[in-house]
Amino acid sequence: QLQLVESGGGLAQPGGSLRLSCVGSGFTLDSYGVGWFRQAPGKEREGISCSGSDGDGIYYADSVKDRFTISRDNAKNTVYLQMNSLKPEDTAVYYCAADAPPSTAKPMCIMPVTYLEVMGQGTLVTVSS
């Protein structure tokens, strides 16, 4: 059974940082496209950062570009999202997802989430002073 479990969410102050983790089980993440999505209250879920399968590019939404960084640790079967310079508008539930190969970064982030292979249950990030 394919499964993703996120952790690392919590409360951060504006300008602060958090690092989210996503551990995969039941499959090997390094051959999949992986990405982070978020859903703010009253808004639709959006793809904010995706990494294509077999190193096929990295995509960042304009809203997080130059502040967030996606990375993988294949030995730990884990994907990370380093979030810096956090803003109140970054408050959302953050989900990680995997897309069966071949997967390209930007299409993975903008396709309907129902097409993705698996998505985690989410972790809440709140940015507030």
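Look above for the structure.
Quick look at the structure, then. A quick note: this is a predicted structure, and the numbers were derived from the prediction, not measured.

Definitions and cut-offs
Residues numbered from 1 in each chain as written. Predicted model: local features only at pLDDT ≥ 70, side-chain atom pairs only at ≥ 80, totals over all residues. Heavy atoms only, no water. Phe/Tyr/Trp six-rings, centres within 6.5 Å; stacked < 30°, edge-to-face > 60°. Buried < 20%, exposed > 50% of the residue type's maximum accessible area, 1.4 Å probe, protein only. Lys NZ or Arg CZ within 6 Å of the ring centre and 35° of its normal. Pairing = 2+ DSSP bridges. Helix = DSSP H or I, 4+ residues; strand = E, 2+ residues; numbered from the N terminus. Axes fitted to C-alpha atoms, helices over the stretch in contact; angles between N-to-C directions. Disulfide = S-S within 2.5 Å. Salt bridge = Lys/Arg side-chain N within 4 Å of Asp/Glu carboxyl O. Contact = heavy atoms within 4.5 Å. Core = buried A, V, L, I, M, F, W, Y, C linked by side-chain atoms within 4.5 Å. Lys, Arg positive; Asp, Glu negative; His and termini not counted.

**Some points on the packing of aromatic side chains**
Phase 1: Taken as a whole and judged by the stated rule, the model has one aromatic pair.
Phase 2: With a centroid separation of 4.9 Å and an interplanar angle of 70°, the aromatic rings of Phe 27 and Tyr 32 are classed as edge-to-face. For the pair Phe 27 and Tyr 32, a shared accessibility class is recorded, and that class is buried.
Phase 3: A cation over an aromatic ring shows up here: Arg 19 above the ring of Tyr 80, its NZ or CZ 4.2 Å from the ring centre.

**Quick word on the sheet that holds strand β1 (residues 3-7)**
Phase 1: Ordered in space as β1-β3-β8-β7, the four strands form an open sheet in which the pairing is antiparallel. This sheet does not close on itself; its edge strands, each paired only once, are β1 and β7 (68-73). When the angles between neighbouring strand axes are averaged without regard to direction, this sheet yields 20°.
Phase 2: Direction of pairing for β7 relative to strand β8 (residues 78-83): antiparallel, over a ladder of six bridges.

**Re the state of the cysteines**
Phase 1: For the structure on display, the rule yields two disulfides.
Phase 2: In this model Cys 22 forms its disulfide with Cys 96; the gap between the sulfur atoms is 1.9 Å. What sets the handedness of the Cys 22 and Cys 96 disulfide is the S-S torsion sign, and at about 55° it is right-handed. Within this pair, whereas Cys 22 is found in strand β3 (residues 18-25), its partner Cys 96 is found in strand β9 (residues 92-99), the two being separated by 74 residues in sequence.
Phase 3: A sulfur-sulfur separation of 2.2 Å characterises the disulfide bridge that pairs Cys 50 with Cys 109.

**Quick word on the pattern of salt bridges**
Phase 1: What the rule picks out here adds up to four salt bridges.
Phase 2: Arg 38 is the salt-bridge partner of Asp 90, the closest N and O atoms lying 2.9 Å from each other. Pair noted here: Asp 90 is in the loop between β8 and β9 and Arg 38 is in strand β4 (residues 33-39), with a separation of 52 residues, a long-range link. Both residues of the pair, Asp 90 and Arg 38, belong to the buried class.
Phase 3: A single network of salt bridges, built from pairs that share partners, joins Arg 38, Glu 46, Arg 67 and Asp 90.

**Some points on the environment of Leu 20**
Phase 1: Summarising the element assignment, Leu 20 is placed in strand β3.
Phase 2: Sequence separation between Leu 20 and Thr 123 is 103 residues, and the spatial gap between their C-alpha atoms is 8.4 Å.
Phase 3: Apart from residues no more than four positions distant in its own chain, Leu 20 is found in contact with Ser 7, Gly 8, Gly 9, Trp 36, Val 79, Tyr 80, Leu 81, Met 83, Tyr 94, Thr 123 and Val 125.

**Focus on the nonpolar core**
Nonpolar side chains tend toward joint burial in soluble globular proteins.
Phase 1: With 27 residues, the main nonpolar core has Leu 4, Trp 36, Phe 68, Leu 81, Met 83 and Tyr 94 as its most contacted residues.
Phase 2: Contributions of two or more residues to this core are made by β3, β4, β7, β8, β9 and β11 (123-127).
Phase 3: Take this core: its biggest share by element is four residues, from β9.

**Some points on the side chain of Asp 99**
Phase 1: Tracing the backbone shows Asp 99 in strand β9.
Phase 2: It is Arg 72 that comes nearest to the buried, bridge-free Asp 99 among opposite-charge side chains, at 9.6 Å.
Phase 3: Dropping the residues within four chain positions of it, Asp 99 is found in contact with Tyr 32, Gly 33, Met 108, Met 111, Tyr 115, Leu 116 and Glu 117.

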